[in-house]
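For reference, the chains in residue letters:
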Amino acid sequence: MNKSQQERKRFNWPFFLFSACITLGVVGIFAYGMLNHKAEFTVEKYEIGKAAFESKVKAMLDRHTVREEEEKPVVHPPPGSDVYIPARNFDWGGFIVELERDQPYRLHLLSYDIKHALVTRELKIMKRVKPDKAVMLSFTPRAAGEFEMICGEYCGPGHGAMVGKMIVVDAPGQKSGAQ
Ligand SMILES: [Cu+2]
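Overview of the structure. (Residues numbered from 1 in each chain as written. Predicted model: local features only at pLDDT ≥ 70, side-chain atom pairs only at ≥ 80, totals over all residues. Heavy atoms only, no water.)

**Considering unusual backbone geometry**
- Of note, the amide linkage connecting asparagine 89 to phenylalanine 90 takes the cis form, showing an omega dihedral of -5°.
- Its location among the elements puts phenylalanine 90 in the loop between strand S4 (82-87) and strand S5 (96-100).
- Although it is not a glycine, glutamate 71 sits at a positive phi angle of roughly 60°.
- Looking at the element boundaries, glutamate 71 is found in the loop between strand S2 (65-69) and strand S3 (72-75).
- We note that aspartate 132 has phi near 75°; this positive angle belongs to a residue other than glycine.
- Residue placement: aspartate 132 occurs in the loop between strand S8 (125-129) and strand S9 (133-139). (Helix = DSSP H or I, 4+ residues; strand = E, 2+ residues; numbered from the N terminus.)

**As for the coordination of the copper ion**
- Summarising the metal site, the copper ion is bound by the protein donors His116 (ND1), Cys151 (SG), Cys155 (SG) and Met162 (SD), whose distances to it range over 2.0 to 2.6 Å.
- Coordination at the copper ion comes from four donor atoms whose angles at the metal span 93 to 127°, giving a geometry best classed as tetrahedral.
- In primary sequence terms, the donor set of the copper ion follows H-x34-C-x3-C-x6-M. In this pair, histidine 116 sits in strand S7 (residues 116-120) while cysteine 151 sits in strand S10 (residues 145-151), placing the two residues 35 residues apart along the sequence. Grouping residues by exposure puts histidine 116 and cysteine 151 together as buried. (Donors = N, O, S within 2.8 Å, 3.2 Å for Na, K, Ca; no water. Tetrahedral: all angles 85-135°; square planar, octahedral: opposite > 155°, others 65-115°. Buried < 20%, exposed > 50% of the residue type's maximum accessible area, 1.4 Å probe, protein only.)

**With respect to the pairing of S9**
- The buried count for S9 comes to five of seven residues, which makes it a mostly enclosed element.
- Relative to S9, strand S1 (residues 42-47) runs antiparallel, the two sharing six bridges. Paired with glutamate 47 across the two strands is lysine 133, which belongs to S9.
- Examined bridge by bridge, strand S6 (residues 105-111) and S9 share five bridges and lie antiparallel to one another. Paired with histidine 108 across the two strands is methionine 136, which belongs to S9. (Pairing = 2+ DSSP bridges.)

This is the structure in structure tokens:
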């Protein structure tokens, strides 16, 4: 064994330590991000029938519809309240949801037929929606604007057109958070 072979065999401690630090750093950043993400959303599942959910949706629309847009009712539930969004082939209840930025809500989702998934990327919503079992998300919208609620689970020929609208407005006296 000549000298250069010996040198190659020697364990490169500085490089090992350097790599270990980088790895720990990256893992730490991901872990921190995931914990932070969790804090924004908590998810609960519960059993509820279609008829019971429908009556919750109707009560919300009766109480909190504030105007019409695109011939659809715009519902503005107060901060801290329950927001019921049904999924079905091929819409999200046929109304527009209007929420206030940085205010907490409980979003309830239930499918009236087959599996769907609610996706609103800008607000970091991505949730499977199933029949019979509702999900409740504790949710605080952090960006103001108009956002599309699309379906993330192929559900038939109208899947691509299954687009709803969520509006997030600044509460009175709030600084603008528009994107
Ligand atoms: Cu769908």
